[in-house]
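# Topology and contacts: notes
Chain by chain, the residues:
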Amino acid sequence: MTKKLIITVRVNEYMSRDINKNVPFTPEEIAETAAECRAAGASIIHFHARTPDGGKCHEPEVYAEIVAKIREKTDILIDSTLGQITVNEDENRLAHIRLMGQKSNTRPDFAAVDTGSSNIDAYDPVQKKFLTTNKIYKNSTETCLFLAKGMTDAGVKPHLSVWAVPFVRMVDAFLDMGAVKEPAYVQCVLAEGGIVGAHPCTTRGLEALIDFMPPQRRIEWTVACKEGNLFNVAATALERMGHLAPGIGDYPYPEIGCPTNAELVRRFAELGRAVGREPATTDEARTMLGIPAYG
Ligand code: ZN
């Protein structure tokens, strides 16, 4: 039997509505999007809390409200951000996870640990210069281990994001020492839009990461692309038995008319079905990723 396809929808990140007006900001909009995407074939939602006008929000209470509102509407699995470079201190990065973990209806199933550091300044080849020169997405080994333990203690499974081959080697080390339990959920993060601190959104960019996945480990991997079109690597991911993590939070998809997240999920679900990779139900995704039943 061919492996089912887990679609994780990355609904908002810190994307503006300048190009695609469908980016959800409020807890209500995120929960509504979650239900629509579940119906379209997604089994996991990844979200960032935002202010009503689209700014960055890191209030733990807002995170808890979003999860509770999603749980009221749908059985989709929930993957919270840590806020990327928004929040600096390790304890602060975990504050919302600790609060959300206190109750089952506010507890996400996953949160992200990026298993290394990267310079995420964007290069503009027209102007021949970097738009910023000091954006370091800093994740020391100590930080990663602290976050993984804090999440595990809160009943939240770390999903491991990898931006380059050394990040994949770090995943192997974390699994070897038992800091993260198998099956691991690993997200390959590709990047376009001038961000040269990750692999490009090409077949070779993706294959360089998956070729280094340790074969002796139980890993389910997925792929996302910051600032770029994930359709470029969808066929490779499907063929190599990976999963897909599209979303208008990463890229507005003007090529297909700036769709909603649900419309985008439907497109990727169709690609999966066309090669025998039926979208996983939430129960199937839980089993594949080692997530206990909700409640
Ligand atoms: Zn995110």
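This report concerns the structure included in the present document.

About the cut-offs
- Residues numbered from 1 in each chain as written.
- Predicted model: local features only at pLDDT ≥ 70, side-chain atom pairs only at ≥ 80, totals over all residues.
- Heavy atoms only, no water.
- Helix = DSSP H or I, 4+ residues; strand = E, 2+ residues; numbered from the N terminus.
- Rg over C-alpha atoms; globule rule 2.2 N^0.38 Å.
- Buried < 20%, exposed > 50% of the residue type's maximum accessible area, 1.4 Å probe, protein only.
- Contact = heavy atoms within 4.5 Å.
- Areas by Shrake-Rupley, 256 points an atom, 1.4 Å probe, with all protein chains shown as cover.
- Donors = N, O, S within 2.8 Å, 3.2 Å for Na, K, Ca; no water.
- Tetrahedral: all angles 85-135°; square planar, octahedral: opposite > 155°, others 65-115°.
- Salt bridge = Lys/Arg side-chain N within 4 Å of Asp/Glu carboxyl O.
- Phe/Tyr/Trp six-rings, centres within 6.5 Å; stacked < 30°, edge-to-face > 60°.
- Lys NZ or Arg CZ within 6 Å of the ring centre and 35° of its normal.
- Expected span 1.5 Å × (residues − 1).
- Arc of directions from axis to C-beta.
- Axes fitted to C-alpha atoms, helices over the stretch in contact; angles between N-to-C directions.
- Parallel < 35°, antiparallel > 145°, perpendicular 65-115°, else oblique.
- Left-handed = near helix turned anticlockwise from the far one by under 90°.
- Nonpolar A, V, L, I, M, F, W, Y, C, P; charged D, E, K, R; others polar.

Okay, the overall build of the protein next. Within the protein, the secondary structure is distributed over 9 helices and 12 strands. Computed over its C-alpha atoms, the radius of gyration of the protein comes to 17 Å, within 12% of the 19 Å expected for a compact globule of 295 residues. Residues counted as buried form 57% of the 295 residues belonging to the protein. Considering only contacts within the protein whose residues lie at least 6 apart along the sequence, 73% involve residues at least 24 apart. For the protein, the exposed area adds up to about 12,500 Å²; of that, 51% sits on carbon and sulfur atoms.

Six octahedral donors around a metal ideally subtend angles of 90 or 180 degrees, whereas four tetrahedral donors ideally subtend 109.5 degrees. Coordination of the zinc ion by the protein involves Glu13 (OE), Glu13 (OE), His46 (NE2) and His48 (NE2), with metal-donor separations of 2.0 to 2.5 Å. Here the zinc ion binds 4 donor atoms, and the angle range of 53 to 137° at the metal identifies the geometry as irregular. Counting the intervening residues between successive donors of the zinc ion yields the motif E-x32-H-x1-H. Assessed through its relative accessible area of 1%, histidine 48 is described here as buried.

This part is about the pattern of salt bridges. All chains considered together, the criterion is met by 21 salt bridges. Notably, a salt bridge pairs aspartate 250 with arginine 10, separated by 2.5 Å at the nearest N-O pair. On the criterion of sequence distance, the pair formed by aspartate 250 in the loop between β12 (243-244) and α8 (261-274) and arginine 10 in strand β1 (residues 8-10) is long-range, its members being 240 residues apart. Pair check on accessibility: aspartate 250 and arginine 10 agree, each one buried. A salt bridge links arginine 71 to aspartate 109; its shortest N-O distance comes to 3.2 Å.

Accessibility expressed as a relative area gives 4% for aspartate 250, which makes it buried. Once you skip the residues sitting within four places of it in the chain, aspartate 250 turns out to touch Arg10, Glu13, Met15, Ala224, Cys225, Lys226, Glu227, Gly228 and Ala245.

Our focus in this paragraph is unusual backbone geometry. Residue glutamate 182 is joined to proline 183 through a cis peptide bond whose omega torsion reads -5°. Structurally, proline 183 is set in the loop between α5 (165-176) and β10 (184-191). Even without being a glycine, methionine 241 presents a positive backbone phi close to 65°. In this structure, methionine 241 sits in the loop between α7 (231-239) and β12. Classification of methionine 241 as partly exposed rests on a relative accessible area of 32%. Positive phi, normally seen in glycine, also occurs at tyrosine 253, with a value near 55°.

Now for the packing of aromatic side chains. According to the stated counting rule, one finds 7 aromatic pairs in the structure shown. For the pair phenylalanine 110 and tyrosine 185, a centre-to-centre distance of 5.2 Å together with 50° between the ring planes defines the contact as tilted. Here phenylalanine 110 is found in strand β4 (residues 110-114), whereas its partner tyrosine 185 is found in strand β10, with 75 residues between them in sequence. When sorted by exposure, phenylalanine 110 lands in the same class as tyrosine 185, which is buried. Between phenylalanine 231 and phenylalanine 268 the ring centres are 4.1 Å apart and the planes differ by 10°, which places this aromatic pair in the stacked class. Separated by 37 residues along the polypeptide, phenylalanine 231 in helix α7 and phenylalanine 268 in helix α8 bring together distant segments of the chain. Each residue in the set Phe231, Tyr251, Tyr253 and Phe268 is aromatic and connected to the rest through ring pairs, giving one cluster. Between arginine 17 and the ring centre of phenylalanine 25, over which it is positioned, the NZ or CZ distance is 3.7 Å. The ring of tyrosine 14 has lysine 56 sitting right over it, with the charged end atom 5.0 Å from the ring centre.

Right, let's talk about α8 for a bit. Between its first and last C-alpha, α8 extends 20 Å over 14 residues, near the 20 Å set by a 1.5 Å rise per residue. Restricting attention to buried positions, one finds in α8 the residues Asn261, Ala262, Leu264, Val265, Phe268, Ala269 and Gly272. End-on view of α8: buried residues confined to an arc of 155°, all on one side of the axis. Check the buried side of α8 and you find it contacts β1, α1 (27-40), α7 and β12. One or two residues past the end of α8 sits glycine 276, with phi positive at roughly 80°.

So, on to the environment of methionine 170. If you trace the backbone, methionine 170 turns up in helix α5. Here the alpha-carbon distance between methionine 170 and phenylalanine 47, two residues 123 residues apart in the chain, equals 25 Å. Once residues within four sequence positions are removed from consideration, methionine 170 is found in contact with Thr115 and Thr141.

Working note: a packed helix pair is described by the angle between its axes plus the distance between those axes. The interhelical angle for the contact between helix α6 (residues 203-210) and α7, taken along N-to-C directions, is 40°, at an axis separation of 9 Å. Comparing their axes, α7 and α6 come out oblique. Crossing hand, α6 versus α7: right-handed. Along the contact surface, α6 presents Thr203, Leu206 and Glu207, while α7 presents Val233, Thr236 and Ala237. Class assignment for the residues of the contact of α6 with α7 results in 3 nonpolar, 2 polar and 1 charged.

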